[in-house]
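Coordinates in review
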Amino acid sequence: MLESMNLPSSAILTTGLALAAIFRAAVVLYRLYFHPLCCVPGPKLAGATSLYLRYYEVVEGGGITQLLPGLHKKYNSPVIRIAPNHVHINDIEAYKRAFTTKPSFRKCPDFYKSAQGVDTILTTTDPQRHRVMRNAMLPLFTPRDMTRIFLIGRDHITKVAQVMSRQGRDGQLLDLLVYLRALTANFVAGTLLDHPSELVSYEAPQSGWIIAQEFIGRYRWIFADIPFLVPIGLFLLSVSPEWITIGFRDLFQVRTAFPVRVLANILQHCENVGNRVLSTKREREKEAPQTVFDKLLSDTSYKLTSRDTLALFQQAVVLMIAGTASPAITLTTAFFYILKSKDIETRLQDELDNLEQRFPGGMTSADFDWRELHKLPYLEAVVKESLRIIPAVPGLLPRVVPSTGLNIASHYLPPGTRISAAHYVFHHNETIFPNPGKFDPDRWLNKSPEDLQLMEQYFMPFSKGPRACIGMKQSWVFMYTAVVYLLGRFEMRLGEGLPGVLEWVDDGTAVPVVRPVVRVVERG
Ligand code: HEM
């Protein structure tokens, strides 16, 4: 009796498995030989399954980004297939069409679904909704606001330098990126959220906020593939007893530090600012509002009230994430290569000495005007080269081909195709930037206007078009301020044994493989 029942069930199981295998095989065959993208060159495995991309993210760590130039070369094509329905382009005209020509292509919802339910300026895929949010926030980023932004940045840079000076006494090695992340987090919290003090303590800069960001970056594929884990994970992180997370160092640290202290801190801050804005609305209507919250709350088309704390909270967190990692990695890159080359360091120092002579007391004098920072060509070349060689956001930011389709290099990409254009690939184009792996600020200097214009077309660290970085202008001022102040104050030396180039992985933002450590000595 039992045997006769077992037989059919195992037979059902076998048949089920066989059918599933036949179905998968049929899907793979379709993708390889009948799919509209089947003629686009690229690795066969990439055309067959999206596990190809996941493999690089999960097993190799850091994604496919740095392999892309080699793949374009290997397949000798400006368009290659990197997943069944996803192509990568290495063609400036196609880039312009997808990213800058209006209407630009929409952000790919599947990709940004790792932030499911988080409706913010960075993550929304709806152009109308995006325009409303961006217009509401834009007034905070105008050149008129730059003096305030410069002063907040300078104040924080002075503070972090104070702590670095103390903690680096007696030749202690300092992990530069850790301090720079704390600095940029506090800078963004200060400029956009009107956060009065240190959200991340300079005394203990490797805080929960920073660890949480690293965690989200490193494991972002989990959130993208299994989005329902996000709310479950956040819930567990906030309520679970510690034994659940014992053994999971990342989770444990995130749990203890991230939600409890930093999130609560931001949440509380959102509520306070929201209440303040409402209670003093009348008087404040006369003045220019100063925070992202003020901007969103006072914008009638955004339709938000201070009770929508969650929406405010989400915008705040996304701004913090977007604004923290990128300037920090760019500054780390800049310091690494400045300190690696005596020639670069000396030339930069000469330019800064000259500035000091023109403005006794230098950048910290009360009447120093931030516009002076934009008149230092070598400094500009160094920061630009840092953004070029390691674009802070280096990899895939897929868009979706609209109903018009797109023709590129005799291939037709039908509506719905995912299309990516990694900044790293354009920044390492050997024709535009010869010897692209070399850190060479001179490539930006003494160029004809035509050459420079061409280079600028391929230079896109902040992305381009309507979804380009909203914090670009303030980032330039902030990064200049940081380089000028820290190099003016300290004699800096890299720790021994660091490699000649700064290797990195793509965790959404670039993250150095080996952390540059420095010794700092106050200049006499
Ligand atoms: C070196 C500094 C920075 C770099 C290289 C950088 C790079 C980028 C890139 C490539 C994007 C496009 C992302 C996408 O297409 O999904 C972006 C968007 C964005 N960034 Fe930045 N960023 C920097 C600094 C900042 C700062 C300081 C802030 C905030 C204060 C900020 C806020 C944003 C926001 C809100 C967006 C979304 C804009 C939109 O969709 O309208 N970024 N950034």
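Residues numbered from 1 in each chain as written. Predicted model: local features only at pLDDT ≥ 70, side-chain atom pairs only at ≥ 80, totals over all residues. Heavy atoms only, no water.

- Per an unreviewed UniProt entry, the protein is named Cytochrome P450, and its organism is Aspergillus cristatus.
- The UniProt entry for the protein carries the following text under Cofactor (unreviewed entry): "heme". (UniProt positions renumbered as here; feature names shortened; annotations may be inferred.)

1. A look at the sheet that holds strand β4 (residues 174-175)
- Reading across the sheet, the 3 strands line up as β4-β12-β9 and stay open at both edges, with antiparallel pairing between neighbours. In the strand order of this sheet, the two ends are held by β4 and β9 (490-494), each with one partner.
- For β4 and strand β12 (residues 517-522), the ladder comprises 2 bridges, and the chain directions are antiparallel. Looking across to β12, one finds that D175 is bridged to V517.
- Seen against the sheet, helix α8 (residues 146-167) touches β4, β9 and β12 and runs at an angle of roughly 60° to β9. (Pairing = 2+ DSSP bridges. Helix = DSSP H or I, 4+ residues; strand = E, 2+ residues; numbered from the N terminus. Contact = heavy atoms within 4.5 Å. Axes fitted to C-alpha atoms, helices over the stretch in contact; angles between N-to-C directions.)

2. With respect to the UniProt feature "binding site: heme" (unreviewed entry) in the protein
- Sequence positions flagged by UniProt for "binding site: heme" (unreviewed entry) are, in local numbering, C469.
- Examined against the element boundaries, C469 turns out to sit in the loop between α21 (449-458) and α22 (472-489).

3. Observations concerning the site of the ligand
- The local shell around the ligand holds 29 residues, among which K107, Y112, H130, R134 and C469 are the closest.
- R467 has a polar side-chain atom sitting 3.0 Å from an oxygen atom of the ligand.
- Counting residues per element, the ones that place at least two in the shell around the ligand are α7 (127-137), α17 (309-340) and α22.
- Looking at the shell around the ligand, the element that brings in the most residues is α17, giving 6 residues.
- Counted by class, the shell around the ligand contains 16 nonpolar, 9 polar and 4 charged residues. (Near = heavy atom within 4 Å. Polar contact = N/O pair within 3.5 Å; in protein donor to acceptor, adjacent residues only side chain to side chain. Nonpolar A, V, L, I, M, F, W, Y, C, P; charged D, E, K, R; others polar.)

4. Quick word on helix α4 (residues 68-75)
- Taken together, the buried positions of α4 are L68, L71 and H72. Take α4 and look down its axis: the buried residues cluster within an arc of 100°, on one side only. What points out from α4, more than 90 degrees from its buried face, is the exposed set K73 and K74.
- Buried residues along α4 sit in contact with α3 (51-61), β1 (79-83), β2 (86-89) and α20 (423-427).
- Downstream of α4 by a residue or two, N76 has a phi angle that is positive, lying close to 50°. (Buried < 20%, exposed > 50% of the residue type's maximum accessible area, 1.4 Å probe, protein only. Arc of directions from axis to C-beta.)

5. Description of the pattern of salt bridges
- Throughout the structure, instances matching the rule amount to 22 salt bridges.
- R166 is the partner of E203 in a salt bridge, and the nearest nitrogen-oxygen pair spans 3.0 Å. Taken together, the residues E203 in the loop between α9 (176-193) and α10 (208-218) and R166 in helix α8 connect sequence positions 37 residues apart.
- Since its relative accessible area comes to 42%, E203 is described here as partly exposed. (Salt bridge = Lys/Arg side-chain N within 4 Å of Asp/Glu carboxyl O.)

6. Section: the sheet that holds β2
- The 5 strands are arranged β1-β2-β8-β5-β3 in an open sheet whose pairing can be described as mixed. Two strands in the sheet have a free side with no partner beyond their single neighbour: β1 and β3 (106-107).
- In the sheet, strand β5 (residues 399-400) pairs with strand β8 (residues 418-420) via 2 bridges, with the strands oriented antiparallel. Its bridge partner lying in β8, V400 is registered against R418.

7. So, the state of the cysteines
- Evaluated as defined, the whole model comprises 0 disulfides.
- No disulfide involves C39; its sulfur sits 4.0 Å from the nearest other cysteine sulfur, which is in C38. (Disulfide = S-S within 2.5 Å.)

8. Digging into the UniProt feature "transmembrane region" (unreviewed entry) in the protein
- UniProt's feature table lists "transmembrane region" (unreviewed entry) at residues 316-339, given in the numbering used throughout.
- End-to-end, the C-alpha atoms of residues 316-339 are 35 Å apart, and along that stretch the chain is 100% helix and 0% strand.

9. Observations concerning the packing of aromatic side chains
- Tallied over the entire structure, the rule returns 15 aromatic pairs.
- Measuring from centroid to centroid gives 5.3 Å for Y52 and Y56, while their planes differ by 75°, and the two rings are edge-to-face. Here Y52 pairs with Y56, and both are found in helix α3, just 4 residues apart, close to one helical turn. Taken individually, Y52 and Y56 each receive the classification buried, so the pair is uniform in this respect.
- Taking the centre distance of 5.3 Å and the plane angle of 70° together, the rings of Y424 and W504 count as edge-to-face. Here Y424, found in helix α20, pairs with W504, found in strand β10 (residues 504-507); they are 80 residues apart in sequence, far enough to count as distant.
- Classification of Y424 by relative accessible area gives buried; the value is 11%. (Phe/Tyr/Trp six-rings, centres within 6.5 Å; stacked < 30°, edge-to-face > 60°.)

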